[in-house]
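Geometric and topological summary
Spelled out from the first residue to the last, the chains are:
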Amino acid sequence: MKLFDLLSEIKIKEWLKRKSEPGYVPPEAPDETTTGKQYESYLLDEIKSLIQKAGKETGVRRREIMGKSNALEIQLLASLEQGGII
């Protein structure tokens, strides 16, 4: 199994576990873009931005930011899978 496939599978399993827990609130989907840039590009840019932000934080705040980043990673993987890219 390729590394990306393995990471994708782990992220999806984590998401399925979180989704089944009581009180799960799905992340908000970003608004549609009008610049012609692909949706996946915006997700990737936001993920990178959140990871950089998390690097400057500690403790609970860092975990919150990384939680948002993980949720967007799952959205990105799902979008790429639906598009037949992975």
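Structural data are supplied above this passage.
Attention here is on the structure that accompanies the text. (Residues numbered from 1 in each chain as written. Predicted model: local features only at pLDDT ≥ 70, side-chain atom pairs only at ≥ 80, totals over all residues. Heavy atoms only, no water.)

Here we take up the layout of surface pockets. Taken as a whole, the second largest pocket holds about 190 Å³ of empty space. Every element with two or more residues in the lining of the second largest pocket is listed here: α1 (3-20) and α3 (59-82). Among the elements that line the lining of the second largest pocket, the one with the most residues is α3, at 6 residues. Among the residues making up the lining of the second largest pocket, the classes are represented as 5 nonpolar, 3 polar and 1 charged. (1 Å grid on protein atoms, 1.4 Å probe; cavity = no way out; pocket = protein on both sides within 12 Å on 5 of 7 lines; lining within 4 Å. Points joined across faces, edges and corners; volume = space filled by probe spheres on them. Helix = DSSP H or I, 4+ residues; strand = E, 2+ residues; numbered from the N terminus. Nonpolar A, V, L, I, M, F, W, Y, C, P; charged D, E, K, R; others polar.)

One finds Leu-43, Ile-47, Leu-50, Ala-54, Ile-65, Leu-72, Leu-76 and Leu-80 forming the largest nonpolar core, which totals 8 residues. Put simply, the parts of the chain that give this core at least two residues each are α2 (39-55) and α3. Excluding its chain neighbours within four sequence positions, the residues that come into contact with Ala-54 are Arg-62, Ile-65 and Met-66. (Core = buried A, V, L, I, M, F, W, Y, C linked by side-chain atoms within 4.5 Å. Buried < 20%, exposed > 50% of the residue type's maximum accessible area, 1.4 Å probe, protein only. Contact = heavy atoms within 4.5 Å.)

What follows is about α3. Every α-helix winds through 3.6 residues per turn, so residues three or four apart in the chain are directed the same way. For α3, spanning 24 residues, the distance from its first C-alpha to its last is 35 Å, which sits close to the expected 34 Å at 1.5 Å a residue. Turning to α3, its buried residues are Ile-65, Ser-69, Asn-70, Ala-71, Leu-72, Glu-73, Ile-74, Gln-75, Leu-76, Leu-77, Ser-79 and Leu-80. Within two residues after α3, Gly-84 carries a phi angle of roughly 75°, on the positive side. (Expected span 1.5 Å × (residues − 1).)

Time to look at the pattern of salt bridges. In total, this model carries 3 salt bridges according to the counting rule given. One salt bridge connects Lys-13 with Glu-9, and the closest N-O pair in it is separated by 3.1 Å. With Lys-13 and Glu-9 both in helix α1 and 4 residues apart, the pair spans about one turn of that helix. Measuring nitrogen to oxygen at the nearest pair gives 2.8 Å for the salt bridge that ties Glu-73 to Lys-11. Of this pair, Glu-73 sits in helix α3 while Lys-11 sits in helix α1, placing them 62 residues apart in sequence. Grouping residues by exposure puts Glu-73 and Lys-11 together as buried. (Salt bridge = Lys/Arg side-chain N within 4 Å of Asp/Glu carboxyl O.)

For the rest of this paragraph, the subject is α2. Over its 17 residues, α2 runs 25 Å from end to end, which matches the ideal 24 Å to within 8%, given 1.5 Å per residue. Of all the residues in α2, the buried ones are Glu-40, Leu-43, Ile-47, Leu-50 and Ala-54. Buried residues along α2 cover an arc of 85° about the axis, so they all sit on one side. Summarising the geometry of α2, the exposed residues directed more than 90 degrees from the buried face are Gln-52 and Gly-55. Among the structural elements, α3 are those in contact with the buried residues of α2. (Arc of directions from axis to C-beta.)

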